[in-house]
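One-letter residues, chain by chain:
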Amino acid sequence: MNFSRTTRLMLSGAAFFSLAGSAFALDGADLLKKLNAAYAVQGGTISADAVDIDGTTATLKNVSVKSAGGESLAVGEVTLSGVEEDEDGGYYIEEAAFPDINTTKDGVTVTAQELTLGGISIPATAGGDTLDTMMLYETAHTGPLKVVKDGAEMFSLLQSDVNLTLREDESGFDFDGAFKSMKADLSKAEDPQSKDAIEKLALQHIQGDITMKGAWELAPGTIDISEFAFDFTNIGKLNLGFKISGYTMAFVKSLQDAMKQSEAGANKEESQQALGLAMLGLMQQLSFEAAQVRFEDASITKRALDYAGSQQNMSGKQMADSLKAMTPIMLAQLNIPELQNAVSAAVNTFLDDPKSLTVKAAPEKPVPFPTIVGAAMGAPNTLPQVLGVKVTAND
């Protein structure tokens, strides 16, 4: 009797957990639908022949992706692991793993491995101008990437990583990225003039990294790219930075809507014109806050001067002296005396001892983009003062 009752309880418990498992099982069709809706905000579409569910893993079969205005691209099988449905009906995906790339066209083979996205948030309802309506990811990674032509490796990248971190108070994002150990072989250049320049500048084989760092504050729409650096061995480091405001989520939504309307138009020429006008209107919402371009030399300047001088039958030093003499004459045509003196002094200092050259623009307060456009069209010589431009060397 007791045995019979115990057996019935066990069977009832098994049935309950079976039903509970079915109730909480992932809905592959709903997942793909909401993923597609989020991607459609950017004007693209995602299609898959089937979605196989195994616990918290969803496998999308025969995936193809079509970006806005582009052609459909066959991706293959995509594995989504650690998939959870949120209380509001959205989804969180720990990692999306994409198949390796190995494609050949016109004698050029491109391969890429370890393609993943991590920490993906798919909204329940996409297309709004709030965080919970945006598709976001926390990490993006690629492993080795190579471009081979006729059996020779022309370009390679060891790995790349991009990180996007939402602040605890959800006031904005911090992001950074790194593209490590990029290599390019320029020794196979066929044009005689280009080949000669590459050899004289010692650029047959170049290697370096690209790094970036920045932040986006949502309320004022301030995007601050503090670092976007190209650092190459025996060449130098070029670092670009800028800061603008007005790039709010509402601005992003308006931009996406304008692009979707342009793609939907039957007459492409008219659609492009309408998009251009829309972009001009949106640009009026943006303001310029700061920018910087800085180059730190790692021997390329001397080689460039030697090469340029050889083209004029003079030495590298003579070429440098010629440039120093020409700079104030060329700048005088712009009718900007203060900037002319600063640039001339910076150029002289840099050419005498190439270390670094920096151009900064830092106005006292944000300058609306329409003001910049107006100054550029009406009084271009006032732009340096409007933007607070300064040029320095070896600092």
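Residues numbered from 1 in each chain as written. Predicted model: local features only at pLDDT ≥ 70, side-chain atom pairs only at ≥ 80, totals over all residues. Heavy atoms only, no water.

Tallying each qualifying case throughout the model produces 4 aromatic pairs. With centroids separated by 5.9 Å and ring planes inclined at 65 degrees, the aromatic side chains of tryptophan 216 and tyrosine 247 adopt a geometry described as edge-to-face. Taken together, the residues tryptophan 216 in strand E13 (residues 205–217) and tyrosine 247 in the loop between strand E15 (236–245) and helix H4 (249–264) connect sequence positions 31 residues apart. In this structure tryptophan 216 comes out as buried when scored by relative accessible area, which is 12%. Classification of tyrosine 247 by relative accessible area gives partly exposed; the value is 23%. Here the aromatic cluster, defined as three or more aromatic residues joined through ring pairs, consists of Phe173, Trp216, Tyr247 and Phe251. (Phe/Tyr/Trp six-rings, centres within 6.5 Å; stacked < 30°, edge-to-face > 60°. Helix = DSSP H or I, 4+ residues; strand = E, 2+ residues; numbered from the N terminus. Buried < 20%, exposed > 50% of the residue type's maximum accessible area, 1.4 Å probe, protein only.)

The calculated volume of the second largest pocket comes to roughly 340 Å³. Lining of the second largest pocket is provided by 18 residues; of these, Ser121, Leu131, Met134, Leu136 and Leu166 occupy positions nearest its centre. Among the elements that take part in the lining of the second largest pocket, strand E8 (residues 115–122) stands out by supplying 3 residues, more than any other. When grouped by side-chain class, the residues that make up the lining of the second largest pocket number 10 nonpolar, 3 polar and 5 charged. (1 Å grid on protein atoms, 1.4 Å probe; cavity = no way out; pocket = protein on both sides within 12 Å on 5 of 7 lines; lining within 4 Å. Points joined across faces, edges and corners; volume = space filled by probe spheres on them. Nonpolar A, V, L, I, M, F, W, Y, C, P; charged D, E, K, R; others polar.)

Before going further, it helps to spend a moment on H4. Taking 1.5 Å of rise per residue, the 16 residues of H4 would be expected to cover 22 Å, and the 23 Å separating its terminal C-alpha atoms lies within 8% of that figure. Of the residues making up H4, those classed as buried are Met249, Phe251, Val252, Leu255, Ala258 and Ser262. Residues of H4 that are buried make contact with E13 and helix H5 (268–283). (Expected span 1.5 Å × (residues − 1). Contact = heavy atoms within 4.5 Å.)

Pairing between strand E6 (residues 101–105) and strand E7 (residues 108–112): 5 bridges, direction antiparallel. Looking at the pairing, isoleucine 101 lines up with alanine 112 of E7. Linking two consecutive strands that pair antiparallel, namely E6 and E7, is a turn of 2 residues; a positive phi of about 55 degrees is found at aspartate 106 within it. Pairing of E7 with strand E10 (residues 145–149), which is carried by 5 bridges, proceeds in the antiparallel orientation. In the sheet register, valine 110 faces E10, and the bridge partner there is valine 147. (Pairing = 2+ DSSP bridges.)

Attention now goes to the packing of helix H6 (residues 300–311) against helix H7 (residues 316–332). Where H6 contacts H7, the axes come no closer than 7 Å and their chain directions differ by 90 degrees. Between H6 and H7, the angle falls in the class roughly perpendicular. For the pair H6 and H7, contact is made by Leu305, Asp306, Ala308 and Gly309 and by Gly316, Met319, Ala320 and Leu323, respectively. For the contact of H6 with H7, the residue count by class is 5 nonpolar, 2 polar and 1 charged. (Axes fitted to C-alpha atoms, helices over the stretch in contact; angles between N-to-C directions. Parallel < 35°, antiparallel > 145°, perpendicular 65-115°, else oblique.)

Below, the discussion takes up a nonpolar patch on the surface. Taken together, Leu238, Val293 and Val359 make up a surface patch of nonpolar side chains, about 190 Å² in accessible area. Residue position: valine 293 is located in strand E16 (residues 287–297). You can call valine 293 partly exposed: its relative accessible area is 39%. (Patch = residues over 30% accessible without salt bridge, like charges linked within 9 Å, V, L, I, M, F, W, Y side chains within 5 Å. Areas by Shrake-Rupley, 256 points an atom, 1.4 Å probe, with all protein chains shown as cover. Salt bridge = Lys/Arg side-chain N within 4 Å of Asp/Glu carboxyl O.)

Looking at the protein as a whole, the pLDDT averages 89, with 93% of positions reaching at least 70. In this model, residues 1–23 is a region of pLDDT below 50 whose contacts with residues beyond four sequence positions or in other chains number 0 contacts. (pLDDT = per-residue confidence, 0-100.)

Applying the stated rule across the entire model yields 16 salt bridges. Lysine 34 is the partner of aspartate 30 in a salt bridge, and the nearest nitrogen-oxygen pair spans 3.2 Å. Separated by 4 residues within a single helix, aspartate 30 and lysine 34 lie in helix H2 (residues 28–40), roughly one turn from each other. By relative accessible area, lysine 34 is classed as buried at 15%.

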